[in-house]
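Here are the chains, one letter per residue:
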Amino acid sequence: MNQSHAATVAVWRRFHPLYAFRFFRYGLLACLVPLARAAVAFEFAAFFEALYQDAVLLVTFGVASAVLWGTTGFSVPSGTLCTRSGIFYKAHRIFRLEEVCALELQRPLHCRLFGASKMTLYLESTLSPRKLSFYLSKRDAAALAEQILPTVSDTAVYAPAGIERLNFMMLSANAVTSAIFFSMAMNRIDDFFGQDWQALAAQNLSVLAGFFSHWLPAGLAGLFALAFFIAALTMLYSFVRTFGFTACRSRGVLISRGGLLTLTERRVRASAVTWCEVRVTPAARLLRRYPLYLRAGSFHGSDIPFMVFSARTPDAPQLLLPRFCAVNRKNFSAQGKSAPQYFWMAGTALALTLGMVLVATVSAPALLPFPAVGALLSLGALAVAVEGFLREGIAANENGTLALCRTARMTRHEYCIFTPNVAYRMFQSPFAAAGGRCNCTVQVPGGRGVRVRGIRAFLAENLPFVR
């Protein structure tokens, strides 16, 4: 028994020191800001005073980091993963390696500088925690990834190049994510260097607006300048995230790699994939290329697609997922659906914006571009609502999977559900019950549900389960 205990202790390895240091990075930044401001203002007395105080804080932080690092670590005995962390309140987690449905290895610049990797494990069950993150050395991270999701070969199935590389970058762009990322980055730079980057951005926007004003009205030129600026930042962020992207399948493991500043590798257990999602966005409609996203347990790679395929090759995802089945629009119809349920929101927005266009035309022509753009967006949302009225629904595929189609905002979402562990939840308002309709939500492991609207109640009550 003592030999067994000694063997267990021998395989115990510590996390990378960055795991402990990350808890104090904001405190470190708070120490450096007073020093930088005092140095810029040439206030030497204040500089040395702040230097002394910060030295004491840094020593305290260093000791606390060392103590925390000394209490953390992991081991992999007999098909399980054990982790421990904490100083006063120690947290021990033990779970089977089979519970890990996906993992992510990230190596940003600071991790590469110190030879570390950030590993995130996504668990298949719905129990807490659904994911677990920690820092390991590069060697330990690679070895642990091979123990959890081993691979044999990594021949690329999808490696975009040329015009396909540009299409992949455009379809991976997310304006909201990019705006948040750049806002946080600029705020940190502003705090550290004491420069007003917001004023600089506003100045650049005014230059762009002046450039567009040669061909467009003043108000519309400002909107185009803002849209061009956001699009440029979004494309830049997408280029950095998707640089050198490849996707492949090694036996039962799906692998994707890419990134310029942050190297990212994702491994997903193919048998744990609950569904794949095809997003038909406005950009996808123009390019005739559709991004494919995966979900496995608590993992949802909604930021970067696993691949982008052409409308001429709708079965291309079968290279990664052999059971994939494209949604057949003939399986859905508008019979029995309620038109107001689909059109009231987009129709109301279109009516309001058209009214504002009429008011601006008569009383304030200079403000006309703003409601005009809103009317165009509302018209696009109405077109997507019409598409949802005609195509939204649930149906069984011939290969035993489940097809689901829904629309939200300006995007059509098409799902192919693989897991048999689904549950259906139906909801009826008094008006829907009178019309024999209901809203149906398909619930899958991981706590996520997908809702379709206004389908026939008797069809929803007899929906099949995945075989």
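Residues numbered from 1 in each chain as written. Predicted model: local features only at pLDDT ≥ 70, side-chain atom pairs only at ≥ 80, totals over all residues. Heavy atoms only, no water.

Chemist: Is there a simple way to explain the side chain of Arg295 in this structure?
Modeler: The topology assignment puts Arg295 in strand β12 (residues 289–296). Although buried, Arg295 forms no salt bridge, and the nearest oppositely charged side chain, Glu277, lies 7.9 Å from it. (Helix = DSSP H or I, 4+ residues; strand = E, 2+ residues; numbered from the N terminus. Buried < 20%, exposed > 50% of the residue type's maximum accessible area, 1.4 Å probe, protein only. Lys, Arg positive; Asp, Glu negative; His and termini not counted. Salt bridge = Lys/Arg side-chain N within 4 Å of Asp/Glu carboxyl O.)

Chemist: Would you mind going over the environment of Asn399 with me for this structure?
Modeler: Mapped onto the fold, Asn399 is located in the loop between β15 (393–396) and β16 (402–408). Judged by relative accessible area, which is 31%, Asn399 ranks as partly exposed. Along the sequence, Asn399 and Val466 sit 67 residues apart, while their C-alpha atoms lie 9.2 Å from each other. Those residues in contact with Asn399 that lie beyond four places of it in its chain are Arg323, Phe324, Cys325 and Arg467. Within the local environment of Asn399, its side chain forms a polar contact with the backbone oxygen of Arg323, the two atoms lying 2.7 Å apart. (Contact = heavy atoms within 4.5 Å. Polar contact = N/O pair within 3.5 Å; in protein donor to acceptor, adjacent residues only side chain to side chain.)

Chemist: Help me out: how do you make sense of unusual backbone geometry in this one?
Modeler: Trans peptide bonds make up the majority, and among non-glycine residues the majority have a negative phi. Residue Ser78 is not a glycine yet carries a positive backbone phi of 50 degrees. With respect to the secondary-structure elements, Ser78 resides in the loop between β1 (73–75) and β2 (80–85). Overall, Ser78 belongs to the exposed group, its relative accessible area being 73%. Positive phi is not limited to glycine here, since Arg409 has a value of about 55 degrees. Mapped onto the fold, Arg409 is located in the loop between β16 and β17 (411–417).

Chemist: Explain the nonpolar core here, please?
Modeler: One broad trend across soluble globular proteins is that nonpolar side chains are buried collectively. In terms of nonpolar packing, the biggest core is built from 33 residues, with Leu254, Val268, Cys276, Leu321 and Phe324 touching the most fellow members. When contributions to this core are tallied by element, the ones reaching two or more residues are β4 (100–107), α7 (163–172), β11 (275–280), β12 and β14 (307–310). The biggest single contributor to this core is β12, with four residues. Beyond its immediate stretch of four places on either side in the chain, Val268 contacts Cys101, Ala102, Leu149, Gly252, Val253, Leu254, Val273, Ala296, Phe299 and Phe306. (Core = buried A, V, L, I, M, F, W, Y, C linked by side-chain atoms within 4.5 Å.)

Chemist: What exactly am I supposed to notice about the packing of aromatic side chains here?
Modeler: If you walk through the whole model with that rule in mind, you get 14 aromatic pairs. Each ring, one from Phe309 and one from Phe324, has its centre 6.5 Å from the other, and the planes form 70 degrees; the classification is edge-to-face. Taken together, the residues Phe309 in strand β14 and Phe324 in the loop between β14 and α12 (339–363) connect sequence positions 15 residues apart. For the pair shown, Phe309 and Phe324 are each scored as buried. By way of ring pairs, the aromatic residues Phe15, Tyr19, Phe74 and Phe134 are connected into one cluster. (Phe/Tyr/Trp six-rings, centres within 6.5 Å; stacked < 30°, edge-to-face > 60°.)

Chemist: How do you make sense of the packing of α12 against helix α13 (residues 369–391) when you look at a structure like this?
Modeler: Working note: a packed helix pair is described by the angle between its axes plus the distance between those axes. The N-to-C vectors of α12 and α13 enclose an angle of 165 degrees; their axes lie 8 Å apart at closest approach. By the angle class used here, α12 and α13 are roughly antiparallel. As α12 runs across α13, the sense of the crossing is left-handed. Here Ala339, Tyr342, Phe343, Ala346, Gly347, Ala349, Leu350, Thr353, Leu354, Met356, Val357 and Ala360 of α12 come into contact with α13, specifically with Pro371, Ala372, Gly374, Ala375, Ser378, Leu379, Ala381, Leu382, Ala385, Val386, Gly388 and Phe389. Of the residues in the contact of α12 with α13, the class split is 19 nonpolar, five polar and no charged. (Axes fitted to C-alpha atoms, helices over the stretch in contact; angles between N-to-C directions. Parallel < 35°, antiparallel > 145°, perpendicular 65-115°, else oblique. Left-handed = near helix turned anticlockwise from the far one by under 90°. Nonpolar A, V, L, I, M, F, W, Y, C, P; charged D, E, K, R; others polar.)

Chemist: Can you help me understand the sheet that holds strand β7 (residues 156–158) in this one?
Modeler: In any sheet, the strands associate via hydrogen bonds between backbone groups, in a parallel or an antiparallel arrangement. Read from one edge of the open sheet, seven strands run β6-β5-β4-β10-β9-β8-β7, paired in antiparallel fashion. Each edge of the sheet is formed by a strand with only one pairing partner; in this case those strands are β6 (131–137) and β7. Taking the axes of each pair of neighbouring strands and ignoring which way they run, one obtains an average angle of 25 degrees across the sheet. Of the strand pairs in this sheet, strand β9 (residues 253–258) and strand β10 (residues 263–269) are connected by six bridges, and their pairing is antiparallel. Bridged to Ile255 within β10 is Arg267. The strands touched by helix α6 (residues 138–148) within the sheet are β4, β5 (116–123), β6 and β10, with β6 carrying the most contacts at an inclination of about 135 degrees. (Pairing = 2+ DSSP bridges.)

Chemist: Teacher, can you tell me more about the confidence of the model for the protein chain here?
Modeler: Parts of the model with low pLDDT should not have their predicted coordinates read in detail. For the protein chain, the average pLDDT comes to 80, and 78% of its residues sit at 70 or higher. In the model, residues 1–10 has pLDDT below 50 throughout and makes zero contacts with residues more than four positions away in sequence or in other chains. Low pLDDT, under 50, characterises residues 175–182; the stretch is placed with 10 contacts to residues that sit more than four places away or in other chains. (pLDDT = per-residue confidence, 0-100.)

Chemist: I'm lost on the side chain of Arg437 in this one. Help?
Modeler: Relative to the helices and strands, Arg437 is located in strand β19 (residues 437–444). Lacking a salt bridge, the buried Arg437 has Glu392 as its closest oppositely charged neighbour, with an N-O distance of 11 Å. If near-sequence neighbours (up to four positions away) are discounted, Arg437 is found in contact with Gly336, Lys337, Ser338, Gln428, Phe431, Ala432, Gly454, Ile455 and Ala457.

Chemist: Got a minute to help me understand the sheet that holds strand β20 (residues 448–456) in this structure?
Modeler: Taken together, three strands build an open sheet; the order of strands is β18-β19-β20 and the sheet is antiparallel. Each of the sheet's edge strands pairs with one partner strand only, and the pair in question is β18 (423–427) and β20. Here the average twist between neighbouring strands, direction ignored, is 25 degrees. Bridge count for β18 against β19 is five bridges, and the pairing is antiparallel. From the neighbouring strand, Met426 faces β19, where its bridge partner is Cys440.

Chemist: What is the right way to read empty space enclosed by the protein from this model?
Modeler: Unfilled space is identified by rolling a water-sized probe across the atoms. In this structure the tally under the stated criterion is two cavities of 30 Å³ or more. Space inside the largest cavity adds up to approximately 100 Å³. Taken together, Arg241, Phe245, Ser256, Arg257, Gly258, Thr262, Thr264, Arg266, Ile304, Pro305 and Phe306 make up the lining of the largest cavity. Listing elements by their share of the lining of the largest cavity, those giving two or more residues are β9 and β10. Ranked by the residues each element gives to the lining of the largest cavity, the list is headed by β9, at three residues. A per-class count over the lining of the largest cavity returns four nonpolar, four polar and three charged. (1 Å grid on protein atoms, 1.4 Å probe; cavity = no way out; pocket = protein on both sides within 12 Å on 5 of 7 lines; lining within 4 Å. Points joined across faces, edges and corners; volume = space filled by probe spheres on them.)

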